[in-house]
Amino acid sequence: TGVVDSESWEPLKRHLSTQMVQVLDLYFEERGFVGPVTETYESRRDELERMLARFPAAPFTIQRFTELLLYPRSQYQATHKLMNGLTKLLSVPCARGMTAEPA
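Student: Summarise the packing of aromatic side chains; cite the residues concerned and give the values.
Tutor: Two aromatic rings are characterised by how far apart their centres lie and by the angle between their planes. By the definition in use, this model includes two aromatic pairs. Ring geometry for Phe28 versus Tyr41: centroids 4.1 Å apart, planes at 5°, classification stacked. Here Phe28, found in helix 1 (residues 6-31), pairs with Tyr41, found in helix 2 (residues 41-53); they are 13 residues apart in sequence, far enough to count as distant. Classification of Phe28 as partly exposed rests on a relative accessible area of 30%. A centroid spacing of 6.2 Å and a plane angle of 65° characterise the contact between Phe33 and Tyr41, whose relative ring orientation is edge-to-face. In this structure an aromatic cluster arises from ring pairing among Phe28, Phe33 and Tyr41. Lying over the aromatic face of Tyr27, Arg31 brings its terminal NZ or CZ to 4.6 Å of the ring centre.

So, how was this worked out
Residues numbered from 1 in each chain as written. Predicted model: local features only at pLDDT ≥ 70, side-chain atom pairs only at ≥ 80, totals over all residues. Heavy atoms only, no water. Phe/Tyr/Trp six-rings, centres within 6.5 Å; stacked < 30°, edge-to-face > 60°. Helix = DSSP H or I, 4+ residues; strand = E, 2+ residues; numbered from the N terminus. Buried < 20%, exposed > 50% of the residue type's maximum accessible area, 1.4 Å probe, protein only. Lys NZ or Arg CZ within 6 Å of the ring centre and 35° of its normal.

This is how it looks when you write it as structure tokens:
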């Protein structure tokens, strides 16, 4: 893996967010969503978008994140499980010396 500079990160982040929404929407259409009564598919998807948007630089989990977007069915069969996997990958701290922007 290479280093993603800050100039390249912003357009890449927007692209990854779009791809993530497309993958999640496809899963939701095909498989539905199982979650707590207080949680909706849209609220979980929106939270994932916010989590990704907070990174001022590419997280160290970016390679695995992109692998899940490319081949989600290789690991997850249910929408909520894919969302849980993406949440874990976006729950990492920022690179040393960087801080995430507040929500």
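From this point, the discussion proceeds with the structure in view.
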